[in-house]
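# Examination of the molecular architecture
Here is how the chains run, residue by residue.
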Amino acid sequence: MGTRGLLFCFVLCLVLFRIYSINVLENMKDLKEKTDFGKQYPRQGLELLCWLLSQGKIDQNGKLRLNFNPAENVFSFHMYKNYEHSLPDLSNTDFQYFSLGNLIKGKDLPHYITKVFCNEKNHPKSNIDRVLITIRKKVPTVVDEVFITQHHEDRKQGSAYVKDLTYKIGKELLKEIAELCQDDEDSRDRNPDQNDPDYERFLKIQQLFPNTPHLHLFLYQAGYNPDNNVKKHGTSKSPDKSDKLKLELRSSPNGQVRIVWDWIPKEMMEREMKISIYKGKDEDKPLVEYPLNGRLCGEIDTHLITNPDLELRLQPITNFETFENNERESDYTVPKAVEVSFFTFSSLFSLVLYPFSSLFSLVLYPFSSLFSLVLYLFSSLFSLVLYLFSSLFSLVLYPFSSLFSLVLYLLSSLFSLVLYLFSSLYSLVLYTFSSLFSLVVVIELVRRLIPGLTEPRPRAEPPFVSVSHGRPGF
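## Here we look at the state of the cysteines
For the structure on display, the rule yields one disulfide. Across the disulfide, Cys50 is cross-linked to Cys181 (sulfur-sulfur distance 2.1 Å). Judged by the sign of its S-S torsion, about -125°, the cystine formed by Cys50 and Cys181 is left-handed. Here Cys181 lies in the loop between α5 (171-180) and α6 (199-208) and Cys50 lies in helix α3 (residues 45-53), a separation of 131 residues in the sequence.

See the structure below:
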């Protein structure tokens, strides 16, 4: 029985360990060989992980100190409640999980992360990679732990993360990735050995990400396969046809024009492109124009007022055009939309209502004055009636109150006299008894201490002489 019990406990411990344990990736070899995270098109998990670790520094305790606050829901960060218990429970701690990687809400993420998602929104492996972090509620910029995971490819299985494909990034690996992904001047010099038999794969990674040199060596060491991506990119449902091109002008909630574009053909984006708004179809000079900077999809909020005559055009950028702050505005513009704040609206509303309120106040003034006078007279009369009634009531009650006070005085005096006599009699009795008791005690003491005074002394007997007859014998 004891052996069976121990065996049962051992099996139970193994099951619980399996449920609550998370695989840990200790080095770059583990990341390359033990997981397919972000290595298959159109997944962007490795790019997300590298970008996150480039946004801060690793301190001496192995913690990532970010230069932004993920609790403010920037860069697609949002709180992860862990309802499915895919990760260790943090409900009774000061920590909480935050998830990074929902590219639908990642408009402020770098373009090299979101560009593939724009063209592959319906792909089963699109937008499934996630990077999870644990942060303290009071210090949200310090990352305590980093995890990588993914959603199910089959969306019918729900939105839970796949526990078997969830990994924790060890401290040493975290530090190594952070060093590789620092976007600095030395990033272009971080290259593998050219004699490496796999060096051609590194060159292909450079071609896929020409503007992000800090990403090249990390993707190379993590096992990113550019051939796999290019092959699947060519056979996937890619929006290469211009009939899928979408250019729209929408109205934002504040009445301003919003530019929306999607499904831009890659062949067209091989050149530097811009998107421009014109006052009408026959106009040659744009009201405002923005460079796309290689973005295949996106949105831009403008300051123009919504107008059905406005026309949106996609055009190449010439070598002589320059943009400041990613925007260029023509000298000939339509009026800008005025931002209506609460203060502006309230001021306008008050200005419109002022004549009506003044007239209403003028009409109500006599009535309010008359009403105040009536109230004053009524309150004065009511006060006078109350005064007379109270005086009369006091006059009627005076004889009764005086008689009642006299009776109470006599009763209290009589009660005091009775109490005085009783206390005096009680004191006299106690005094007499104590005096007698003291007298008896004194007499008894005297009797015991001086017994010779109370008892007679016995007389002395005469001496007895014995006379013998005859001679004494010797």
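Structure shown, so let's carry the discussion forward.
## Brief notes about the packing of α3 against helix α7 (residues 213-222)
It is at 10 Å that the axes of α3 and α7 come closest, and there the two elements cross at 130°. The angle between the axes of α3 and α7 places the two elements in the oblique class. Read as a crossing pair, α3 and α7 show a hand that is right-handed. Residues Leu46, Glu47, Leu49 and Cys50 of α3 form the contact with α7, whose own contacting residues are His214, Leu215, Phe218, Leu219 and Ala222. Among the residues forming the contact of α3 with α7, the class breakdown is seven nonpolar, one polar and one charged.

## Quick word on the packing of aromatic side chains
Following the criterion strictly, the structure yields twelve aromatic pairs and no others. Residues Phe202 and Tyr220 carry aromatic rings whose centres are separated by 5.7 Å and whose planes lie at 85° to one another, so their mutual orientation is edge-to-face. With Phe202 in helix α6 and Tyr220 in helix α7, this pair connects stretches of sequence that are 18 residues apart. According to the relative accessible area criterion, Tyr220 is buried, its value standing at 7%. In textbook terms, an aromatic cluster arises when at least three aromatic residues are bridged by ring pairs, as seen for Trp51, Phe68, Phe75 and Phe77. Sitting over the ring of Tyr278, Arg313 keeps its end group 3.7 Å from the ring centre.

## Considerations on the sheet that holds strand β10 (residues 256-262)
Taken together, the three strands give an open sheet; going across it, the order is β9-β10-β13, and neighbouring strands pair in antiparallel fashion. Single-partner strands in this sheet number two, and they are β9 (246-251) and β13 (298-305). Across this sheet, the average inter-strand angle for adjacent strands is 25°, counted without regard to direction. Across six bridges, the pairing between β9 and β10 is antiparallel. Bridge pairing links Lys246 to Asp262 in β10.

## Examining the pattern of salt bridges
For side chains of opposite charge, pairing can occur when their charged atoms come near one another. Applying the stated criterion across every chain yields a total of 13 salt bridges. A salt bridge links Arg43 to Asp129; the shortest N-O distance between them is 2.5 Å. With Arg43 in the loop between α2 (28-33) and α3 and Asp129 in strand β6 (residues 129-136), this residue pair connects regions lying 86 residues apart in the sequence. Assessed through its relative accessible area of 5%, Arg43 is described here as buried.

## A look at the packing of α6 against α7
Between α6 and α7, whose axes approach to 9 Å, the crossing angle comes to 140°. Considering their axes alone, α6 and α7 lie oblique with respect to each other. Where α6 crosses over α7, the handedness of that crossing is right-handed. Along the contact surface, α6 presents Tyr199, Arg201, Phe202, Ile205 and Gln206, while α7 presents His216, Leu217, Leu219 and Tyr220. Partitioned by chemical class, the residues of the contact of α6 with α7 number six nonpolar, two polar and one charged.

## Looking at the environment of Ile177
Structurally, Ile177 can be placed in helix α5. Taking C-alpha positions, Ile177 is 9.9 Å from Gln221, a pair spaced 44 residues apart along the chain.

## Overview of the UniProt feature "transmembrane region" (unreviewed entry) in the chain
The feature "transmembrane region" (unreviewed entry), as annotated in UniProt, sits at residues 342-367, 374-397, 403-422 and 429-450 in this numbering. Summarising residues 403-422: 100% helix, 0% strand, and an end-to-end C-alpha distance of 29 Å. Between the C-alpha atoms that bound residues 429-450 the distance is 32 Å, and the span itself is 95% helix and 0% strand.

Parameters and conventions
Positions within a chain are numbered from 1, following the residues in the order the chain's sequence is written. Predicted model: local features are reported for residues with pLDDT of at least 70 only, side-chain atom pairs are reported and counted for 80 or more only, and whole-chain, interface and lining totals are derived from all residues. Based on all heavy atoms of the structure, the side-chain values leave hydrogens and waters out of the count. Cysteine sulfur atoms are paired as a disulfide whenever they fall within 2.5 Å. Runs of H or I in DSSP of at least four residues are treated as helices and runs of E of at least two as strands, each being numbered from the N terminus. For helices, the axis comes from a line fit to the C-alpha atoms of the stretch in contact; other axes are also lines fit to C-alpha atoms, and the angle between any two N-to-C directions lies between 0 and 180 degrees. Should an angle lie under 35 degrees it is considered roughly parallel, over 145 roughly antiparallel, and from 65 to 115 roughly perpendicular; all remaining angles are considered oblique. Throughout, a crossing is termed right-handed when the near helix is turned clockwise from the far one, and left-handed when it is turned anticlockwise from it by less than a right angle. Working rule for contacts: check all heavy atoms of both residues, and any pair within 4.5 Å makes them a contact. Polarity classes work like this: nonpolar for Ala, Val, Leu, Ile, Met, Phe, Trp, Tyr, Cys and Pro, charged for Asp, Glu, Lys and Arg, and polar for all others, with Gly in that last group. Two rings belonging to Phe, Tyr or Trp (six-membered ring only in the last case) form a pair when the distance between their centres is within 6.5 Å. Interplanar angles under 30 degrees mark stacking, angles over 60 mark edge-to-face geometry, and anything in between is tilted. Type-normalised accessible area, obtained with a 1.4 Å probe on protein chains alone, sets the label of each residue: buried when under 20%, exposed when over 50%, and partly exposed for intermediate values. A ring has a charge above it when a Lys NZ or an Arg CZ is no more than 6 Å from the ring centre and no more than 35 degrees off the ring normal. Pairing between strands is defined by DSSP: at least two bridges between the two strands are required. Whenever Lys or Arg places a side-chain nitrogen within 4 Å of a carboxyl oxygen from Asp or Glu, that contact is recorded as a salt bridge. UniProt positions are given in the numbering used here, feature names are shortened, and annotations may be inferred rather than shown by experiment.

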